[in-house]
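Residue-level structure breakdown
Residues per chain are reported as follows:
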There are 2 protein chains.
Amino acid sequence: MFNEKLTESLGKSSMIRAMFEEGARLKKIYGEENVYDYSLGNPEVEPPAGVIESLKKYVNSDEPGLHKYMNNAGYPDVRRKVAAYLQKKSGVALDENNIIMVCGAAAGLNVALRAVLNPGEEVMVLAPFFVEYGTYIEQSGGKPVIVNTVKDSFQIDIEAVERAITKKTKALIINSPNNPTGVIYSRESLERLKNVLEMKEKELGINIFVISDEPYVSLVYDGAEVPNLLSIFDKCISVNSFSKSLALPGERIGYIALSSRIPGAETLFSIMVTLNRTLGFVNAPSLFQKVIADNLETAVDVESYKKKRDLLYNHLTRIGFRCVKPQGAFYLFVKAPIEDDVAFCAAAAKYNLLIVPGTGFYGPGYVRIAYCVDMGMIERSLHAFTKLAKEYGLC
Amino acid sequence: MFNEKLTESLGKSSMIRAMFEEGARLKKIYGEENVYDYSLGNPEVEPPAGVIESLKKYVNSDEPGLHKYMNNAGYPDVRRKVAAYLQKKSGVALDENNIIMVCGAAAGLNVALRAVLNPGEEVMVLAPFFVEYGTYIEQSGGKPVIVNTVKDSFQIDIEAVERAITKKTKALIINSPNNPTGVIYSRESLERLKNVLEMKEKELGINIFVISDEPYVSLVYDGAEVPNLLSIFDKCISVNSFSKSLALPGERIGYIALSSRIPGAETLFSIMVTLNRTLGFVNAPSLFQKVIADNLETAVDVESYKKKRDLLYNHLTRIGFRCVKPQGAFYLFVKAPIEDDVAFCAAAAKYNLLIVPGTGFYGPGYVRIAYCVDMGMIERSLHAFTKLAKEYGLC
C-alpha cells in the first residue's frame with residue numbers, strides 16, 4: 001500500500017533509536033536521574049552568548065523582510081561572509097558563488113551527492129561512519145562502498161582506499177573529527193590520500209570528489225590540528241552545519257562550500273542551487289542565516305566538553321576499557337570486552353547505561369558513548385561503568 | 001562530470017527564473033520604481049503581529065532547550081495543537097501521531113510522495129499546476145500524469161480524471177486554492193471526484209491517495225468556502241505550510257497531516273518520520289515550530305490582498321482582458337490575447353510588466369500575475385497594462 005522497501009525496512013529500526021526507546025522504558029522505572037543516557041548526539045549545552053545576542057538583535061529589530069524568500073542559495077551577504085571566512089581558513093579563493101546555505105549537514109550531503117552522482121556510481125565511506133551516509137548515497141542513485149580504517153587507530157587505510165577505487169568511483173566522504181570515533185585524520189594520511197586519488201583519477205580517467213562532512217570541525221581538544229580539506233583536495237565539497245559548533249541542531253542551518261578549483265564549479269553551483277529547491281529544502285531558514293553569519297568565529301565552550309571527555313576517558317581506561325583518546329567531537333568509541341557489541345550494550349543496560357553498538361556504525365566490536373551530556377550525569381554514571389567492567393573481569 | 005541529467009536540464013531554466021533575470025536587467029535600466037514585477041509568489045506583507053509577538057516571547061525568554069533536536073516528527077505538544085486544530089476543522093479524529101512537522105510544503109510533498117510511491121507508479125496532477133510537482137514525483141520514483149481541468153473555469157474535469165486512472169495510479173495532487181489560477185475547487189466537484197476515485201479503486205484493486213497541497217487555504221475572498229479535503233477523502237494526506245498564511249516563506253515551516261482513516265496510518269506515519277530524517281530535513285526548524293503552534297488561528301491580512309485583487313482584476317477586465325475571478329491565493333491567470341503566451345509575456349516586458357507564461361504551469365495561452373506585491377506598484381502599473389491592451393486592440 002505504501003512504498004514497499006521502506007515498509008519492510010521499518011522492522012529493522014536503527015540501533016540508536018532502539019536504545020532511545022530502552023532509555024525511555026528504564027527512566028520510567030528508575031527515574032530520570034538514575035539512567036545514564038549516552039545514546040544521542042544531542043548537545044546538552046546552550047548556544048554561545050553571541051548567538052543568542054544576534055538572535056535577539058534581529059528579532060527585536062522589527063526590521064522588515066526577515067522571514068521572506070531569498071535566492072535559493074541563501075542571502076548573498078551571508079554567503080559572502082561564509083566565503084571570506086573559509087577563504088581565510090583554507091587559502092582557496094572563494095566568493096558567494098561557492099557557497100550555498102542549506103538546512104543542516106544532512107541536507108547539504110543529500111544535495112551534494114545528488115549533484116555529482118549518476119545512477120550506479122560509487123561513493124566510498126570510511127568505516128566506522130555515521131550510518132545514514134549509506135541511505136543518502138542510495139537515495140541519490142549511487143552505491144556505497146565501505147572501506148575500513150586502520151584497526152584500533154581508525155586512521156585512513158590508504159591502501160584499502162586505493163583497492164576500493166573502480167571506474168565507477170565518483171566520491172569519497174570524509175568526516176573528521178569523526179562520528180563515532182572522535183579521531184581526526186592526520187595531515188600526513190590526507191596528503192597520501194590526495195596522491196592516491198589523483199593517481200587513480202588519471203589511471204582510470206575518472207573524477208573523484210572529496211565530500212567533507214565537517215560538523216565537528218570546531219570541537220577539537222588539546223590544540224589538535226584539523227587539516228582543512230579545501231586546502232588539500234582540489235575537488236573538495238565541504239559541508240558544514242552549526243548544529244554542534246553553535247549548539248543549534250533543531251534549527252537546521254549549515255552550508256555547502258564548493259572549491260573554486262573544481263573544473264566547472266559554476267555549473268556545479270547551479271545544479272546544487274536547483275537541487276536545494278527541488279529536493280524540497282527551498283532555502284536555509286532565513287532568520288538563522290543572518291544569526292550564524294554574525295558568529296562564524298564563535299563556538300560553544302570546548303573546555304566544558306574537554307572536561308567531560310577527560311573525566312570519562314580517564315575513568316574508563318583506568319578500570320580496564322580500551323579506547324582511542326578522541327581529539328575532537330563528543331564521542332568515545334570503546335572496544336567491547338567481548339566480540340558481540342550488541343550483547344555488551346544489553347549488559348550495560350542492566351546498569352542503566354545506555355550506549356550504542358558499534359555495529360550500527362559499521363564498527364563491530366566497539367560501542368559509542370556520546371558524552372555531550374550533563375557533567376552530573378557523567379559523575380553519577382562512573383560507578384555503573386565500574387560495575388560493568390567488573391562483570392567482564394577488567395578490574 | 002556531474003549528474004548528467006541535471007547538467008543538461010540547466011539550459012532549460014524555469015520561465016519564472018527567466019522573468020526574474022529579465023526583471024533585474026530592466027530595473028537596472030529604468031529604476032526599481034518603474035518596473036512592475038508580478039513574477040514571484042514572494043509575499044510582500046510582513047507576518048501578523050501575533051507571530052512576531054510569539055517569536056519575541058520565545059527568543060527573549062532565555063528558556064533553555066529552544067534550539068535542540070526533538071523527535072524527527074516535531075515537538076509532541078506542537079503536533080497535538082496542530083492535530084486539535086485540524087480535527088476541529090475537518091471532523092476527522094487526529095492526534096499527534098497523525099502530524100509531522102516539516103520544513104515547508106515542498107519538503108512535505110517530497111516526504112509524502114516518497115512514502116507512498118513504488119517505482120513507476122503514477123501520480124495525477126491537475127493542469128495548470130505548480131510545475132515542480134513533476135520534479136517531486138520523478139525524484140520519488142513516480143511518473144506524473146497530467147490531467148487538464150475544465151477550459152476557462154479551471155474546475156476539475158471529473159471525466160478526464162476517470163480516464164487517466166490506470167492500474168498504476170497511486171495518488172492525485174490537489175492544490176486548492178490553486179496556484180496559478182486562484183480557483184477553489186467546488187465541493188460538488190470534489191464529492192463527484194471522491195465517488196470516481198472510490199469506484200476506480202474497487203474496479204482496479206488499487207489505492208489512490210489524495211495529496212492536498214494547501215498553502216493558500218487561509219487566503220480566501222468574499223467568504224468563499226474551501227472544502228476540507230481531510231473530511232471528504234478517506235485516504236487524504238494534507239500538506240500545509242505557513243509561508244503564505246503567516247508570511248514566513250523564508251523560515252521553512254509546515255506540516256503533514258495524515259488522515260486517521262488511512263488503513264495502516266501508523267505505518268505510514270513511521271515511514272514519513274524516517275523519510276523526514278533520511279531525505280535530509282531531519283526536523284522542522286525548532287523555534288518556528290513553537291511560534292506557529294501559538295498562531296494556528298491567525299492569518300495575514302486577507303483584506304489587503306483582496307483590495308489588490310479587486311483593483312487589478314477590475315482594471316484588467318475593464319480594458320478587455322479575460323480572467324476567472326480568483327477566489328483565493330494571490331494570482332490572476334489571465335487569457336493571453338494571442339495563442340503564444342511566451343510571446344505575449346515578451347510584449348508585456350516592453351512596458352516593464354513582468355508576468356509569467358502559463359506554459360510554465362502547463363496552462364498555455366494564459367499568463368500568471370502574482371499580485372502579492374506593494375499596492376503602489378499595482379497602481380503605478382495600471383497604465384502599462386492599458387498600453388499592452390491597446391497594442392492588442394482590446395480597448
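The structure under discussion appears in the preceding block.
Residues numbered from 1 in each chain as written. Chains lettered and ligands numbered in written order. Predicted model: local features only at pLDDT ≥ 70, side-chain atom pairs only at ≥ 80, totals over all residues. Heavy atoms only, no water.

**Let's talk about the pairing of strand 7 (residues 236-241) of chain B**
Residue and element names in this part refer to chain B. A large share of strand 7 lies buried, amounting to six of its six residues. Residues Cys236, Ser238 and Asn240 line one face of strand 7 and the alternating positions Ile237, Val239 and Ser241 line the opposite face, and both faces are buried. With four bridges joining them, strand 6 (residues 209-213) and strand 7 adopt parallel strand pairing. Looking across to strand 7, one finds that Ile211 is bridged to Ile237. Across five bridges, strand 7 lies against strand 8 (residues 254-258) in antiparallel orientation. By the bridge assignment for strand 8, Ser241 is matched with Gly254. (Buried < 20%, exposed > 50% of the residue type's maximum accessible area, 1.4 Å probe, protein only. Helix = DSSP H or I, 4+ residues; strand = E, 2+ residues; numbered from the N terminus. Pairing = 2+ DSSP bridges.)

**Remarks on helix 11 (residues 286-293) of chain B**
Most of helix 11 of chain B is tucked away: eight of the eight residues are buried. Three or more residues of helix 11 of chain B are buried, namely B:Ser286, B:Leu287, B:Phe288, B:Gln289, B:Lys290, B:Val291, B:Ile292 and B:Ala293. Where helix 11 of chain B is buried, its residues meet helix 3 (49-60) and helix 11 (286-293) of chain A together with helix 3 (49-61), helix 4 (76-90) and strand 2 (99-102) of chain B. (Contact = heavy atoms within 4.5 Å.)

**Let's talk about the environment of A:Lys390**
Relative to the helices and strands, A:Lys390 is located in helix 14 (residues 375-391). Between the alpha carbons of A:Lys390 and A:Gly320 there is a distance of 9.2 Å; along the sequence they are 70 residues apart.

**A short note on the relation of the copies chain A and chain B**
After a rotation of 180° and a shift along the axis of 0.0 Å, chain A superposes on chain B with an RMSD of 0.0 Å. One copy is carried onto the other by what is essentially a two-fold rotation axis. (Least-squares fit on C-alpha atoms with pLDDT ≥ 70 in both.)

**Side note on the environment of B:Glu266**
If you trace the backbone, B:Glu266 turns up in helix 10 (residues 265-278). On the basis of relative accessibility, which here comes to 59%, the residue B:Glu266 falls in the exposed class.

**Points about the sheet that holds strand 10 (residues 331-335) of chain A**
Whenever strands of a sheet pair, they do so through backbone hydrogen bonds, lying parallel or antiparallel. All names here are of chain A. The four strands lie next to each other as 9-10-13-12, forming an open sheet whose pairing is antiparallel. Two strands lie at the open edges of the sheet, namely strand 9 (322-323) and strand 12 (356-357), each paired on one side alone. The pairing of strand 10 with strand 13 (residues 366-370) spans five bridges and is antiparallel. Bridge pairing in strand 13 links Phe333 to Arg368.

**Here we look at the packing of helix 5 (residues 104-116) of chain A against helix 10 (residues 265-278) of chain A**
Residue and element names in this part refer to chain A. Interaxial distance between helix 5 and helix 10 falls to 9 Å at its minimum, and their mutual angle equals 125°. Relative to helix 10, the element helix 5 is oriented oblique. Seen from above, helix 5 lies across helix 10 with right-handed handedness. Judged by residue contacts, Val111, Ala112, Arg114, Ala115 and Val116 of helix 5 engage Leu268, Ile271, Met272, Leu275 and Asn276 from helix 10. Its residues placed into classes, the contact of helix 5 with helix 10 shows eight nonpolar, one polar and one charged. (Axes fitted to C-alpha atoms, helices over the stretch in contact; angles between N-to-C directions. Parallel < 35°, antiparallel > 145°, perpendicular 65-115°, else oblique. Left-handed = near helix turned anticlockwise from the far one by under 90°. Nonpolar A, V, L, I, M, F, W, Y, C, P; charged D, E, K, R; others polar.)

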